[in-house]
Amino acid sequence: KFSAIVFLTNAQVSDVQKRFGPGAYHVIPHAVPMLTPSKGLNRDMHRIVIPGRFAEEKQLHLAIEAFKLIHERVPEATLHFYGYGGKREQMLDLIKTYELDAFVFINSFSADIGSIFQSAGLMMCSSRNEGFGISMLQSIQHGCPLISFDCAYGPSELIQDGVNGFLVKQQSVEDLSDAVCKVLLNPVLHQQLIDQCEASLREFREDRIAERWAKLL
């Protein structure tokens, strides 16, 4: 018998309770260090980034389909993938089919995740599911608002709608593209989201997470 089982999200606890009944469940998410706000970043507000594996569950074909709609309304927008995986060739084929070669770029994995987010205006997530979504947490940490499907698990606990990004209906390419365009076409809203990212992660600070572990242990 376990004295405690720790999960990263409240949604995971809820699902486990439905399947196995009540137990000694606790929620302690990943922590992020608070960064010193950087002034004068050369942030391209129309640059959308998606870091991560090119894998089935990431549904990156839906991100490309959403970007096709975004580009029709915001021609200066660009989409940049960073990662590796088996879906790369399918992604390239879809980009070519939609004639987006000059606007969608597939880059190799980069360990300098901070630079990726600090140079971008938005992160977009089209995943079917996530374990938590550490890259999403890092995006907000670096002042890059997040627009994501409401998938399990992570986005709904990281995104404060209209504060640090927007959460949209799972699998809805139209809703995803509409939310991105809503931000890209409204510079005042866009800057507000960027400015509010740091404060929105207060509960994910290293000292707050350490306190929760200390209390449990």
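The coordinates are above.
Residues numbered from 1 in each chain as written. Predicted model: local features only at pLDDT ≥ 70, side-chain atom pairs only at ≥ 80, totals over all residues. Heavy atoms only, no water.

(A) Quick peek at the nonpolar core. Counting residues in hydrophobic clusters, the biggest one holds 35 residues, and the most contacted among them are I70, F81 and M124. Apart from the residues lying within four places of it in its own chain, the contact partners of M124 are I48, V49, I50, A63, I70, L79, I147, L176 and V180. By size, the runner-up hydrophobic cluster in this structure holds 20 residues, among which are A120, L137, I159 and F204. (Core = buried A, V, L, I, M, F, W, Y, C linked by side-chain atoms within 4.5 Å. Buried < 20%, exposed > 50% of the residue type's maximum accessible area, 1.4 Å probe, protein only. Contact = heavy atoms within 4.5 Å.)

(B) Layout of helix α3 (residues 88-97). M91, L94 and I95 are the residues of α3 that are buried. Projected onto a plane normal to the axis of α3, the buried residues spread over an arc of 100 degrees and lie on a single side. More than 90 degrees from the buried face of α3, the exposed residues found are E89, K96 and T97. On its buried face, α3 is in contact with α2 (60-73), β4 (78-82) and β5 (104-107). Directly beyond the C-terminal end of α3, a positive phi value near 55 degrees is found at E99. (Helix = DSSP H or I, 4+ residues; strand = E, 2+ residues; numbered from the N terminus. Arc of directions from axis to C-beta.)

(C) Looking closely at the sheet that holds β5. Sheet architecture is open: 6 strands sit in the order β5-β4-β3-β6-β7-β8, paired in parallel fashion. What marks the edges here is a single partner per strand, and that holds for β5 and β8 (165-168). Here the average twist between neighbouring strands, direction ignored, is 20 degrees. Each of β3 (44-51), β6 (120-125), β7 (146-149) and β8 is contacted by helix α7 (residues 173-184), which is oriented at about 170 degrees to β7, the strand it contacts most. (Pairing = 2+ DSSP bridges. Axes fitted to C-alpha atoms, helices over the stretch in contact; angles between N-to-C directions.)

(D) Expanded view of the pattern of salt bridges. One pass over the full model with this rule turns up 7 salt bridges. Between R208 and E203 there is a salt bridge, with its nearest N and O atoms 2.5 Å apart. Accessibility expressed as a relative area gives 23% for R208, which makes it partly exposed. Here R205 ties to D207 by a salt bridge, and the two come within 2.5 Å at their closest N and O atoms. Assessed through its relative accessible area of 36%, D207 is described here as partly exposed. (Salt bridge = Lys/Arg side-chain N within 4 Å of Asp/Glu carboxyl O.)

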